Amino acid sequence: MPKPYVIIVSAASIDGRIASKTGYSRLSCPFDLRRLHEVRASVDAIMVGANTVINDDPSLTPRYVKAIRNPIRVVIDGKLRIPLTAKVVTNKEAPTIIVTTEQADRNKIAQLMNMSVEVWVMGKERINLKDVLERLFMEKNVKRVLVEGGGHLNWELIKEGLVDEIRLTISPYVFGAGTSFIEGEGYPTTIEGPRLRLKSVNICECGQEVILNYIVEGD
Ligand SMILES: NC(=O)c1ccc[n+]([C@@H]2O[C@H](COP(=O)([O-])OP(=O)(O)OC[C@H]3O[C@@H](n4cnc5c(N)ncnc54)[C@H](O)[C@@H]3O)[C@@H](O)[C@H]2O)c1
Ligand SMILES: Nc1nc(=O)c(N)c(NC[C@H](O)[C@H](O)[C@H](O)COP(=O)(O)O)[nH]1
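Residue numbering note: each chain is counted from 1, following its sequence as written. Here every chain gets a letter starting at A, and every ligand a number starting at 1, in the order they are written. Whole-chain, interface and lining totals are the exception, using all residues; otherwise, since this is a predicted model, local features are given only for residues with pLDDT of at least 70 and side-chain atom pairs are given and counted only at 80 or more. The side-chain figures draw on all heavy atoms in the structure; neither hydrogens nor water molecules are used.

(A) How the structure looks around a nonpolar patch on the surface. Patch definition: residues above 30% relative accessible area lacking any salt bridge, with like charges linked at up to 9 Å and the nonpolar side chains Val, Leu, Ile, Met, Phe, Trp and Tyr linked at up to 5 Å. Using the Shrake-Rupley algorithm and a 1.4 Å probe, accessible areas are obtained, with residue cover drawn only from the displayed protein chains. Salt bridge, as applied in this entry: a Lys or Arg side-chain nitrogen positioned within 4 Å of an Asp or Glu carboxyl oxygen. On the surface, a cluster of nonpolar side chains totalling about 350 Å² of accessible area is made up of Leu-198, Val-201, Ile-203 and Val-210. Element by element, the count of residues in the nonpolar patch is highest for strand S10 (residues 195-203), at 3 residues. Secondary structure is summarised from DSSP: a helix means a run of H or I of at least four residues, a strand means a run of E of at least two, and numbering begins at the N terminus for each. Turning to its location among the elements, Val-210 is positioned in strand S11 (residues 210-218).

Written out as structure tokens, the structure is:
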């Protein structure tokens, strides 16, 4: 079954954290944010995990650049925890699909559908992300997906071998604790993880950030 090309874009502190222990996550400089919005404008869908919506309340629109259309917003939320007041629900500039499971509150699903949000119930407790990507491809003609974290969603996708490319900005900060770029049960050695090929290294226009671009070549 075909699946879309999947790119993870994130910004991390030099110790690999995408958020501090209190959930602070503003790491990218304005040039890097503009680059992020350029990627947003180039994809058909933007995927995020539930915690990213709960902590950051992003709108996920490519508003810093001229875009011909707004990509579909896809929220992976197994327990349907995101609030009805989240911008991905209330802001109507782009369509939103919330993917959840049978654990979700039925009333909340109905409320979201009344607010013109599409809700996909996929699975009993966990969402199979390969199925989600294939469904996006087949039903919504989604050929390219930008994943904007967070760490747990990044891990789930990497673990399943669903990521094609990683663009990681290293910002000049240290958190010492918090959410890692990839946050999960982890690999015991370098053998078990995916093979990455460095495609490019660039210094941001701000002069303080390094942008690493890796192609994921498989296990
Ligand atoms: N600096 C950056 O580039 C950046 C980018 C994105 C997010 N963040 C930060 O990352 C933090 C959030 O990251 P996180 O790792 O805590 O959470 P996350 O955003 O990855 O969301 C995790 C949640 O998504 C749901 N989920 C993911 N996969 C699932 C599956 N297969 N089945 C069912 N449910 C699933 C679950 O509810 C899970 O608890 C926030 O603080 C945010 O600010 C930073
Ligand atoms: N590349 C990147 N650098 C950051 O410093 C940061 N915090 C994020 N985080 C991704 C996450 O999805 C955020 O919530 C959105 O960057 C905010 O999105 P909006 O502009 O509100 O749409 N991503």
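(B) Here's a closer look at the site of ligand 2. The full set close to ligand 2 counts 15 residues, and Ser-25, Ser-28, Leu-60, Arg-63 and Glu-148 are the nearest of them. As used in this structure description, the phrase polar contact means that two N or O atoms lie within 3.5 Å; if the pair is within protein, one of them must be able to donate a hydrogen and the other to accept it, and residues adjacent in sequence are counted only when both atoms belong to side chains. Between ligand 2 and Ser-25 there is a distance of 2.7 Å, counted from a nitrogen atom to a backbone nitrogen or oxygen. Arg-63 is positioned such that a nitrogen or oxygen atom in its side chain is 2.8 Å from an oxygen atom of ligand 2. Isolated, ligand 2 exposes 520 Å² of accessible area, and the fraction of that covered by the protein chains is 85%. Both cavities and pockets are sets of points on a 1 Å grid over the protein atoms alone; in a cavity a 1.4 Å probe fits but cannot get out, in a pocket the set is open with protein on both sides within 12 Å along at least five of seven lines, and lining residues sit with an atom within 4 Å of a point. Assignment of a molecule to a cavity or pocket requires that more than half of its atoms lie within 2 Å of the corresponding grid points. Its atoms largely coinciding with the cavity grid, ligand 2 occupies the largest pocket. Looking at the shell around ligand 2, the elements with two or more residues in it are strand S1 (5-12), helix H1 (30-42) and helix H2 (50-56). Near residues are defined by distance, with any heavy atom within 4 Å of the molecule or strand qualifying the residue.

(C) Representation of the packing of aromatic side chains. Pairs were defined over the aromatic rings of Phe, Tyr and Trp, the Trp ring being its six-membered one, requiring ring centres within 6.5 Å. Orientation was assigned from the angle between planes: stacked under 30 degrees, edge-to-face over 60, tilted for the rest. Within the structure shown, the criterion is met by 1 aromatic pair. Over the aromatic face of Trp-120 sits the side chain of Arg-135, whose NZ or CZ is 4.0 Å from the ring centroid. Put simply, a charge is over a ring when the Lys NZ or the Arg CZ is close to the ring centre, within 6 Å, and near the line of the ring normal, within 35 degrees. Its guanidinium or amino end placed over the ring of Phe-137, Lys-143 lies 5.4 Å from that ring's centre, counting from NZ or CZ.

(D) Representation of the pattern of salt bridges in the model. Summed over all chains, the structure comprises 14 salt bridges. One salt bridge connects Glu-205 with Arg-35, and the closest N-O pair in it is separated by 3.0 Å. With Glu-205 in the loop between S10 and S11 and Arg-35 in helix H1, this pair connects stretches of sequence that are 170 residues apart. A relative accessible area of 53% places Glu-205 in the exposed class. Using a 1.4 Å probe on the protein chains alone, a residue whose accessible area is under 20% of its type maximum counts as buried, one over 50% counts as exposed, and one in between counts as partly exposed. With relative accessibility at 23%, the residue Arg-35 sits in the partly exposed group. Taking the shortest distance from any N to any O, the salt bridge between Glu-139 and Arg-135 comes out at 3.1 Å. Linking Glu-139 with Arg-135, this pair stays in helix H5 (residues 129-140), spanning 4 residues, or about one helical turn. Given a relative accessible area of 26%, Arg-135 falls into the partly exposed group. Shared partners join several salt bridges into a network, and the residues in it are Asp-32, Arg-35 and Glu-205.

(E) Layout of the site of ligand 1. Inspection of the region around ligand 1 gives 26 residues, with Ala-11, Thr-52, Asp-56, Glu-148 and His-152 positioned closest. In the environment of ligand 1, a nitrogen atom lies 2.9 Å from a nitrogen or oxygen atom belonging to the backbone of Ile-127. Within the complex, the protein chains bury 90% of what would otherwise be the 880 Å² of accessible surface of ligand 1. Contributions of two or more residues to the shell around ligand 1 are made by S1, strand S2 (17-19), H2 and helix H6 (151-159). If one sorts the elements of the shell around ligand 1 by residue count, H2 sits on top with 5 residues. Charged means Asp, Glu, Lys or Arg here, nonpolar means Ala, Val, Leu, Ile, Met, Phe, Trp, Tyr, Cys or Pro, and polar covers whatever is left, Gly included. Its residues assigned to classes, the shell around ligand 1 comprises 8 nonpolar, 13 polar and 5 charged.

(F) Region of interest: helix H4 (residues 106-114). Among all positions of H4, only Lys-108, Ile-109 and Leu-112 are buried. Buried positions in H4, seen along its axis, are confined to an arc of 105 degrees and lie on one side of it. Residues of H4 that are exposed and angled more than 90 degrees away from the buried face: Arg-106, Asn-107, Met-113 and Asn-114. Contact definition: two residues touch when any of their heavy atoms are within 4.5 Å. Tucked into the core, H4 has its buried residues touching helix H3 (87-90), strand S5 (96-100) and strand S6 (118-121). Its side-chain oxygen 2.8 Å from the backbone nitrogen of Asn-107, Asp-105 forms the N-cap of H4. By arc we mean the arc of the directions from the helix axis to the C-beta atoms, nothing more.

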